[in-house]
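Close look at the chain arrangement
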Amino acid sequence: MKTIAIFLIVYQVFILLYFLLLNITYTAITIYAFLFIKRSSQATPGLSRLNDLVSLSNLRPISILVPAYNEELNIVNSLRGTLQLQYEEFEVIVINDGSTDDTMKELHQAFDLIQIDRPPKQVLETAHVHTILRSRSDPRLWVLDKDNGGKADALNAGLTYSSYPLFCAIDADSLLESDSLLRMGQQFLIDKELIAAGGAVRVLNGCTVKNSQVIEARAPKGILGNIQISEYLRGFMTGRVAFGEMESLLIISGAFGVFRKDMVMSISGFRKTVGEDMDLVLRLHRHCVENKIKYKVRYIPEPVCWTQVPGDLSSLLQQRNRWQRGLVDSLWHNRVMLFNPRYGKAGMIGMPYFFFVELLGPIIEFMGYFGFVLFFLFNLLNPTYAMLFFVLSIAWGMWLNAAAVLLDNYALHKYPRIRDSYKIAILGTLEYLGYRQLVTVERLIGTFQIWRSHWGVHKREVIVESVNAGGKP
């Protein structure tokens, strides 16, 4: 009995210390990120000033790569928004990755596509490209129709046919703000060591859209969407800002990132994995360090991409399972970086964080929740432990979610209606009352399913355009 009592004490102390250190880390990151974004937003030029600055400069042209698989619902609206971006020279390459729906039919009807010869400009091994098409209504738009090979394969096909020294990877259901490429291009112009940069990814669900542009950020109706907004704000506004400034940013979202093509080609493009976005950034870190190349990987909060998030629980859990599998695979493939001072802060700060917090986190959290329930059922639950567990694992997390939302809106003012911010902040706190536990279990399952290459089905919703001058849907 004494041995069991000691085990229970050690178990409880371990779980409490983990949640304590986790929330202290999140709190420090939140405060640091808020102070940085506040300074950054005050120093960032407005759109008119930005146009004046870049009009005098030689911005490098950009190839925008849009992998698409069964995106018939929204791809036309998304591309129309992309073609309206304010940038001097860019091309849009849609890679139809063996869609089985009417994606190609929608593209043909909307953009008057014609078949054309275009030899590849680089060589990367990809699934077979059947047809290369170009829009007669807007010659900047190209479409590659190919066999299905997955997102990484589709991006490599786009790279193979791209023309420009920078490329931007976005999702087929995303809407970029009109000045997003200008803000990204400016960073690559003024910083010659910058090889990769990620922009802010925000939740499109619930927003008011007109002419394929988000004209008003709004909170979605359902609880699920609002919880995901708080998650995205905590992840992008706080986590990526902090790690970017600490020179240890290891992931740029596949929904919106800009890269130097020569660097990506030097590592043979994207590796086939369900976590191709994180894996690419990790391999770029390794390549530059091992070849003694001065480089920077940054997160830039001002350029914004609006993207749909899952509206149903099944799609959400499949997404989080895939994210976890991609994380495990990427960390394993690049494990040489972990605690390796050769790779600088990426190896000594970024890798340990993702290993202990993101990879092991679901295992330890599950141990905490499971132990709590088990102790309760067998009448072993210490009241002090119960109170500390609630504060450290739930109450503190709820406060962090609300703080991330309110601080983001205070610094960047993306939600003009204050009641939307309060709605997101309040509903976002519900993450810790059932939602997080479900996601933790799914991530735990994903941790031990690294062998699965299944992408999962993300049920899309049609992007509804505003129909009147007042901007009300």
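The coordinates are above.
The sections below set out a description of the structure shown in this document. Predicted model only: the values in this text are computed from it and were never measured. (Residues numbered from 1 in each chain as written. Predicted model: local features only at pLDDT ≥ 70, side-chain atom pairs only at ≥ 80, totals over all residues. Heavy atoms only, no water.)

**As for the overall build of the chain**
The cut-off we apply is this: Strands here mean DSSP runs of E at least two residues long; helices mean DSSP runs of H or I at least four residues long; both are numbered from the N terminus. Burial classification: accessible surface area is computed with a 1.4 Å probe over protein chains only, and a residue below 20% of its type maximum counts as buried, one above 50% as exposed, and the rest as partly exposed. A contact between two residues is defined here by any heavy atoms of the two lying within 4.5 Å. Computed with the Shrake-Rupley method and a 1.4 Å probe, the accessible areas treat only the protein chains shown as cover for residues. When charges are tallied, Lys and Arg are placed among the positive residues and Asp and Glu among the negative ones, while His and the ends of the chain are skipped. All charge positions are set by atom: Lys at NZ, Arg at CZ, Asp at CG, Glu at CD.
When helices and strands are tallied, the chain shows 15 helices and twelve strands. For the chain, the proportion of its 473 residues judged to be buried stands at 59%. Considering only residue pairs separated by 6 or more positions, the chain has 81% of its internal contacts joining residues 24 or more positions apart. As displayed, the chain has an accessible area near 20500 Å², and 61% of this comes from carbon and sulfur atoms. Charge separation in the chain, taken as the distance between the mean sites of 48 positive and 43 negative side-chain charges, equals 5 Å.

**Topic: helix α4 (residues 103-111)**
Note the following rule: An arc is given here, and it is the one of the directions from the helix axis to the C-beta atoms.
When we look at burial in α4, the residues that qualify are Thr103, Met104, Leu107 and Phe111. Down the axis of α4, the buried set is contained in an arc of 95 degrees. They therefore lie on one face. Packing partners of the buried residues in α4 comprise α3 (75-83), β2 (90-97), β3 (113-115), β4 (129-135) and β5 (141-146). Two residues or fewer after α4 comes Asp112, characterised by a positive phi angle close to 50 degrees.

**A look at unusual backbone geometry**
Backbone geometry at Asn70 places phi at a positive 55 degrees, although glycine is not the residue there. Looking at where Asn70 falls in the secondary structure, it is placed in the loop between β1 (62-68) and α3. Owing to a relative accessible area of 26%, Asn70 belongs among the partly exposed residues under this scheme. Backbone geometry places Asn379, a non-glycine residue, at a positive phi of 55 degrees. Relative to the elements of secondary structure, Asn379 occurs in the loop between α12 (361-377) and α13 (383-412).

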